[in-house]
Structures are given as structure tokens and as C-alpha cells.
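# Fold and geometry: a report
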Amino acid sequence: MRVPCLALGVIFWCTGAALALEIEDHHLFPGTGERVLRIVSTTDLAVFEPYILAFQDDRPAVAVDYTVVSSSEMHSAIRAGAQFDLAVSSAMDLQFQLANDGYAQRYQSAATETLPDWARWRDLIFAFTTEPAVVVINSTSFTGLDLPVTRQELIAILRDNPDRFAGAVGTYDVRESGLGFLFATQEDRSSDAYWRLNEVMGRLKPKFYCCSSQMIEDVAEGELAMAYNVLGSYAAEKLAQDQSGQMQILRMQDFTNVMLRTVLVPATAQNTEAAGAMIDMLVRLGMRDDPGDWPLPSLSQTSTGEAIGFGPIRLGPGLMVYLDPLNRRAFLAEWENAMEQR
Amino acid sequence: MTSETRSIGRRLTLLLAGVAALLSLLSWGMVTALAREATQRTQDNVLAASATTIAETLRTEQGEVRLELPYAAFSMLGAISEDRVFYRVTADGDTLTGYDDLPQPIAGRQGQIVFDTANYVGVPIRIASISRGILAGDGPVLIAVTVGQTRDGAGAIASELSRLAAILSVAFFVVAVVLSAFVAQTSLRPLNEIAAAVSRRGPSDLRPLERPAPADLAPLLAALNRLMARLGESIRRSEDFIAEAAHRIRTPLATVRAQAEIALRTVSGEPEKDRLRRIIRAVDESSRSAGQLLDHATVAFRIEDLASDRLDLADLASQTVAAMDPTASMRDIRLHLQTASAQITGDAVLLEAAIRNVLDNAIKYSPEDTTVTLTITRNEAEACLTVVDQGPGLGDEPVAALTERFRRGTNTDGIVGSGLGLTIAADVLRAHSGRLELTTAPNRSEGACVSLVLPLA
Ligand SMILES: Nc1ncnc2c1ncn2[C@@H]1O[C@H](COP(=O)(O)OP(=O)(O)OP(=O)(O)O)[C@@H](O)[C@H]1O
Ligand SMILES: [Mg+2]
């Protein structure tokens, strides 16, 4: 199977099961040598590109083949045996399940040893960012209103201004997005205001999105008044480029989910040496103290930079609870009930 | 020579160390087993709690079994270790959710938790299972909840504890060995003390050992004392016997000699005279032997209970010279004494006997009309009485042999003697912590040179 793959020159997928892989983006960063590091990732190409370039600065010989897919696509592809050397994902629960079920390879190095305990699990998964879930608003929609800092206040504002927010509220479609599902389930666990907020949003005919970037885009363009539970790192990136000056990031003070972007070496990986080197680089960047010019925050940035210290979502078997089909079905049913009111 | 077996101290140390090693090994094994058991039990408890928590959420809704995995059920498993987690829920044997190839232990009573160890996805896992019957649509359904976890965390803790226990056991063993050596040495100290006391004694000190001894050694000490008493007794008895025998032999021999002298004077035939002369000579020899034997016995006897009087070696020498002078002048031998006072301690009778025997030899083995010179010299520690004659010297044989009992030289033709003279002299000097030195003067003008060396008082 590998021979024709190599003959094609570009190796996206090699197994029959993975042929159905729904690719969102793909780019090959050529190297001077033969070797290719195949990364499958949920991180947008634009966000991850600086990391790949930094990697190639060090190892110009290694070509990097970067494929962006949704987290659930990645999960099922790797379970089906798709051949990738590195899997980078923001859906911690799916990553964890892969490791727990034996689809990841052990990797250990001096760099990974420096990671705090909560940022790695069994030398199988390594976290290299901490990224909070935030609310992004278009400030014109909020003129004359106090900006909400807790979910209670957000609920009150949405409830009291249905005209202003009807059809202008966006959030993840948790049925589609792994990260959205992770944020939603963690919020269900931690905050009792979550379902009430869902009720209120549901009445406003919300728009559902697959990805943070799209949502942020729509807020910036005034399509949306508010996007709930988007990745803070993407929002900050967008905010920096934003010209309109209408976009604003809100962090809820009552509770904030902090996600860890994690990387693992799939059991089927071929080029484990380069994969290890990439992990070392990501981990070193994750441990950096100086924020620097990198698009994604370091491990310490979110937790120490903010006044309210919510620990990141715990990397442990608890993550698998909501992935259980029965649990998932029940959760989605409840979510749909709240969100799709007629 | 007695063949030497392994030392008691070493044997005791080895034995105690062996016991310590055994105990160390045993305690290490026990701690390891306990640690394994304890960590296993901890894991079992968490697994049981997890399975129970899941089982408790079971309910029926519109005749359908509903189950909601609680977050805590899994997060508690993650709290104790980074072990992989597997689970499975079955209804009447059909998998409701979870890993459908996860082995399920044979269910026990309802509500009872069953534990098992199995192999799953190539690694050993520990499983807890609980079963619970609930009423669904068309009757009771038996739901089994199984939660499994790899055992790396428990194994790591157990082996860490085992490693710690091993270090402690080794330390314990080392301490035990040191203590064993100490104990062995301490318990053997009285024995060593007795041995030292016995070996410190002089060669003929047969007094009983009077010292406190531990109860275990008292019989040994008593037996030793009895042995020495018996030995002393038998030595004394044989000396008494020799003295008595010598005395009894000498008296009749004197009579025989007197009669033979008379007969020699009365017979006229040369062969008869010759025969009688041979008889007289044999009698002389026997008589000398008996006398020397008697002296020897006396010396041996007195040595045993040595007097230590302050004496001047010069006095002793001149007294002996005076006593021997008549014998010497019969053979025209001049005794020349060069005295210097030298204070010594000892037994006058014995020292006189020693000097007499040495001087007797000088006179006896020297040709007529010669001089025997006695010189006393001294240095810081020792006094020395040297007797030099102008005789033939001590011969070519090794001189040390001459002090052996009944040992006579090759130059003794026609000279009466028993071979005990130098033995007596050497014994006396040894008893006084001195020595007898025998040399032959290298220049032919002089003969034997015999020195009696004694420590100064
Ligand atoms: N002054 C000496 N000159 C030559 N030989 C000697 C002299 N003194 C000792 N010897 C030799 O040493 C031997 C041992 O002497 P020792 O006095 O023990 O025995 P002895 O003189 O033969 O007998 P005893 O003295 O008992 O009658 C003698 O037989 C003799 O050969
Ligand atoms: Mg003699």
C-alpha cells in the first residue's frame, strides 16, 4: 500500500478506512530531504504554520505534511489506522480516549520530563497550550448595555433584549465539533447556569458553527452580536488583526473552561524520530515564560496571566465519561431540546 | 599437633549473620507481599467505588434501561494513578455500552462486587464487577457493570515499596552482622581471657587458675585445674622417686667401690687387676649418674618454687671455686677468678649447681697443668660469668645439642660423666630468665668457653 502512496508523492492517507477522510485544509512544507513528518491536526493552518516553519528551521531536511481535519474525523481516522506521525488536537477528550485505548505511542524525552503532571498523561499525550473558552461580542450590539461578566448577567441581557439578539447569537454545534462538545460537557459539569443560558439562547434562534474561526469572523463582520464559547487564542489573534474595532473578548468571571491543546504520536506513526523532535519543540514552547510572538499561548500564560485561576480541564479518564455513546446521546438530546425550541 | 577447626567466634558470627540474612530476606518478602496486597486493595476499593457509582445511576425510563455514567466514576480512577481505564455495561449479557470485548468476571450475588485479574489489549488489568437486577419492560433484567484498570500505578507503588524494603533489609542485615561480630567477641572474651592467663604462665607453673569465670566456663576451668593438680602431683612423685632411687643406688655402689679398691690392692695378677679397674670405673659412672640424676631432680623441684633472693654473682663464683679447688689441684689445674660484683636475684643453691657443673666440665675435660679462667662481666641489663679452659673445646657437633639430657660429646673417652651437667646448668639459667652460651674459642690456645648470662637485679 505504501509504494503507490509514495509514488503519488503526497501522502495524505494510505488505508482504505481513511480514504473517507474529510480534509479541511492541507499543505506540504517541502524539505530538502526524503523524510516527511505527517501531521494531522485540528489547528488552522495559519495558526500552526509558524510552528512548522520553526521546526523546519531546525531540521530543513524534514518535509512537513500538514492536514487539517475536524477533531471527530481525526479521532475516527486514527482509530481506523490512518497513518500519521503526529496528531494535534484541541479535543482533549478524544485525544485522551485514543491514548487510553492504545492508539498512541509512548514518547519520553528530557523536554517532556519538564512538563507538569497535569500537562501529560502516561507519556502518551502532551499538552503545549492552555486556551480559555471566551465570549466574543460585537460592541455595537451592546451599546447602552453593561458588558456581562458572569453567565447570570449574560442570561439577563439576552433575556431582556430578545430583539437585539434574535438570530445574532452563535455557538458551537456540539454535535459536529469535538471542541464544542468538550466545552459544553465541561460546562455542564461545572456551572449550573449553563442550561439556563442554553434555554435563553435557544429562544433567540442561535446559529451553529463548526469552528471558532468562522464564528469570530462573523462577530467581527457584525453578522453576530455574540459568539459563546470560542477559543480565546483564535479570538485574540483575530482581535489583533481586526480593523473595525468592534470586536471585544469577554471572559466570564464565574467560571472559565481552559482547554489544553495536546499532541500524541499515533500507534501507526512511521517517522517517530521527527515526531519526537516536533513534540520536544512544542513542549519547549509550551513551557516558555515569555509570551513572544507565537499565535498560541503557553501552558503558564492563561493560568497565571488571569486573575481568576481556573485550572485547565483535567487530562484523565473523567474525560471519557461524556464520550460514552449513551451519555453522549442523552447530552445531545438535552442540548437539542434547549437549543432548538420551536 | 591438634588440628584446628573453625573459630567459635567466626562460627558464631556467621551463624548469627545467617539468621539475620534469613530474617532480612523474610521481612523483605513479607513487606513486598504486603505492599502488593495493600496497593491491590487500594485499587480494588477505587474500582469498586467506580463500579458501584455507575450501577447506582441505573434506572428504567418507559421500559428502557437508562444509564448515565457519572463523571466521578471515572475521575476517581484517574485520581490514584495514570492507568488506562476500561468499562462495560451489559444487560442480560448484551453490551449496553463500553468496551464490548472487556472480560467480565463471573457475576456473584446481586449487589456483590467481584474482582478479577485479566489480560486485556495485551496488558494485565484489574477488574471490578457488580451486578444489579432492575425491572424493564417485559421483566427483570440483570445489569452487570464492569470497570477495569491497568495495574501500572499499583505495580509502581508496590515495587517502590519493595525497593525501599530491600534497602532497609540490607541495612538491617549489615547492622546485624556488625552486632553479631560484637556479640561473638563479647561472649568469647572470658574464654580468651582464660586462654591468655594460661599462656602467660611459666613452663612449670602448675598452680590452679583462680579467677571468676562465667557459669558455662566453670566446668572447663575446674577440669583444667584438676588436670594441672594431677600433673603437678605426678611430676613431684616422679622426682621424689628419682631422688629416692638415686640415693638408694649410691649407698650400695659406695660399698661395691670400696670393696673393689681393697681387692685391687690384694690381687696380683694383671688381668684380675684390669677387671677390677673396669668394675671401679663402671661403678664410678653409675655413681656419677645417680648423683647427677639426684641433682637434676633437685633442680627441677626447686625451679618449680623458685626462691628470689638478692645475690652477688661474684660471691657464688668464688664459693664454687673454693669448693672445686681441691679437685682441680689434684690435676694441677689452676683456677683463676676475675671477679666483679654483679647483683642478681635467684636461688643460690641452683645457681651454685649450675656454676659447679660448668666448672666441673672445664676441669674434667682440660689436660693437666692448665688454667681455667672465670671472668664476670656486666652491661646495663645482664651479668655474665664466663668459664674458659685450655682443653680440647666443644668439638664440631652443634653445641646446642650438648644441653640435651644424657647427651655427651665425642671427646669423652675415659672421662666419667653422665651427660646431665649442661642440662642442669641450662635449666637453672632458663628458670632465672637467663641463658647458657656455649662456644669454642677460635684460637687454639684456649678450649671451651661457657658463659652463664643472667639478668641484673
Ligand atoms: N669444658 C669442656 N671441654 C670439652 N668438652 C666439654 C666441656 N664441657 C662439656 N663438654 C662436652 O659436652 C658434653 C656434655 O657435658 P655435660 O656436662 O652435660 O656431660 P658430662 O660432663 O659428660 O657428664 P656429667 O657432667 O653429667 O658427669 C661432654 O660429654 C663433653 O663432651
Ligand atoms: Mg659435665
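Structure's up top.
A brief structural summary. Since the model is a prediction, treat every value here as computed from it, not as a measurement. (Residues numbered from 1 in each chain as written. Chains lettered and ligands numbered in written order. Predicted model: local features only at pLDDT ≥ 70, side-chain atom pairs only at ≥ 80, totals over all residues. Heavy atoms only, no water.)

Glancing now at the overall build of chain A. For chain A, the count of helices and strands is 14 helices and twelve strands. A total of 342 residues make up chain A; the buried ones form 57% of that total. Taking the contacts inside chain A whose residues are at least 6 apart along the sequence as the reference set, 78% of them involve residues at least 24 apart. Accessible surface computed for chain A: about 13400 Å², of which carbon and sulfur atoms make up 50%. (Helix = DSSP H or I, 4+ residues; strand = E, 2+ residues; numbered from the N terminus. Buried < 20%, exposed > 50% of the residue type's maximum accessible area, 1.4 Å probe, protein only. Contact = heavy atoms within 4.5 Å. Areas by Shrake-Rupley, 256 points an atom, 1.4 Å probe, with all protein chains shown as cover.)

On to the packing of aromatic side chains. Under the defined criterion, the tally for this structure stands at 15 aromatic pairs over all chains. Seen in terms of ring centroids, B:Tyr87 and B:Tyr99 are 5.8 Å apart; in terms of plane orientation they differ by 85°. Their pairing is edge-to-face. On the criterion of sequence distance, the pair formed by B:Tyr87 in strand β3 (residues 85–91) and B:Tyr99 in the loop between β4 (94–98) and β5 (113–120) is long-range, its members being twelve residues apart. Take B:Tyr87 and B:Tyr99: they sit in the same class, and that class is buried. Here the aromatic residues A:Phe181, A:Tyr194, A:Trp195, A:Tyr322 and A:Phe331 are joined through ring pairs into a cluster of three or more. (Phe/Tyr/Trp six-rings, centres within 6.5 Å; stacked < 30°, edge-to-face > 60°.)

As enumerated under the stated definition, the model contains one disulfide over all chains in all. Between the sulfur of A:Cys210 and that of A:Cys211 lies a disulfide, 2.2 Å long from S to S. In this structure the cystine formed by A:Cys210 and A:Cys211 twists about its S-S bond by roughly -90°; its chirality is therefore left-handed. Not part of a disulfide, B:Cys384 finds its nearest cysteine sulfur in B:Cys449, a span of 8.0 Å. (Disulfide = S-S within 2.5 Å.)

For an α-helix the count is 3.6 residues per turn, leaving residues at separations of three or four pointing the same way. The end-to-end C-alpha distance of helix α1 (residues 8–56) of chain B, which contains 49 residues, comes to 70 Å, matching closely the 72 Å that a straight helix rising 1.5 Å per residue would cover. Between the side-chain oxygen at the start of α1(B) and the backbone nitrogen of B:Gly9 there is a gap of 3.3 Å, and the oxygen is on B:Ser7. (Expected span 1.5 Å × (residues − 1). Polar contact = N/O pair within 3.5 Å; in protein donor to acceptor, adjacent residues only side chain to side chain.)

It is worth spelling out the side chain of B:Thr386 at this point. Its place among the elements puts B:Thr386 in strand β12 (residues 382–388). Among the polar contacts listed, one links the side chain of B:Thr386 to the side chain of B:Ser451, at a separation of 3.4 Å.

Structurally, B:Leu179 is set in helix α3 (residues 152–200). Sequence-wise, B:Leu179 and B:Ala17 are 162 residues apart; in three dimensions their C-alpha atoms are separated by 9.0 Å.

The next subject is the interface of chain A and chain B. Each partner contributes to the interface: chain A provides 22 residues, whereas chain B provides 22 residues. Taken over both partners, the interface formed by chain A and chain B buries close to 1800 Å², and the fraction arising from carbon and sulfur atoms is 51%. The tally of links from chain A across to chain B stands at two salt bridges. The partner of B:Asp83 in a salt bridge is A:Arg122, with the nearest N and O atoms 3.6 Å apart. Joining chain A to chain B, the criterion identifies ten residue pairs in polar contact (both at pLDDT 80 or more). For the side of chain A that touches chain B, the class distribution of residues is nine nonpolar, six polar and seven charged. (Buried area = accessible area lost by both parts, 1.4 Å probe. Salt bridge = Lys/Arg side-chain N within 4 Å of Asp/Glu carboxyl O. Nonpolar A, V, L, I, M, F, W, Y, C, P; charged D, E, K, R; others polar.)

Residues and elements named next belong to chain A. Of all the six residues making up strand β2 (residues 36–41), five are buried; the element is thus mostly covered by neighbouring parts of the structure. Where β2 meets strand β3 (residues 63–68), six bridges bridge the pair, whose relative direction is parallel. Note that in β3 the partner of Ile39 across the bridge is Tyr66. Assessed by its sense of winding, the connection that carries the chain from β2 through helix α2 (residues 45–58) to β3 is right-handed. In this sheet, strand β4 (residues 86–89) lies alongside β2 in parallel orientation, the contact comprising three bridges. Its bridge partner lying in β4, Ile39 is registered against Leu86. (Pairing = 2+ DSSP bridges. Right-handed = clockwise from strand over helix to strand, strands pointing away.)

Residues and elements named next belong to chain B. Among the surface-exposed residues, Val19, Leu23, Leu26, Met30 and Phe172 lie close enough to one another that they form a single nonpolar patch of about 500 Å² accessible area. If one sorts the elements of the nonpolar patch by residue count, α1 sits on top with four residues. Along the chain, Met30 turns up in helix α1. (Patch = residues over 30% accessible without salt bridge, like charges linked within 9 Å, V, L, I, M, F, W, Y side chains within 5 Å.)

Attention shifts here to the sheet that holds β4(B). Residue and element names in this part refer to chain B. With antiparallel pairing, five strands are arranged side by side in an open sheet as β4-β3-β7-β6-β5. Strand pairing shows two members of the sheet lacking a second neighbour, β4 and β5, which therefore form its edges. With strand direction ignored, the average angle separating the axes of adjacent strands in the sheet is 25°. Where strand β6 (residues 123–136) lies against strand β7 (residues 139–150), twelve bridges are found, and the strand directions are antiparallel. Following the sheet pairing, Ile127 is matched in β7 by Gly148. (Axes fitted to C-alpha atoms, helices over the stretch in contact; angles between N-to-C directions.)

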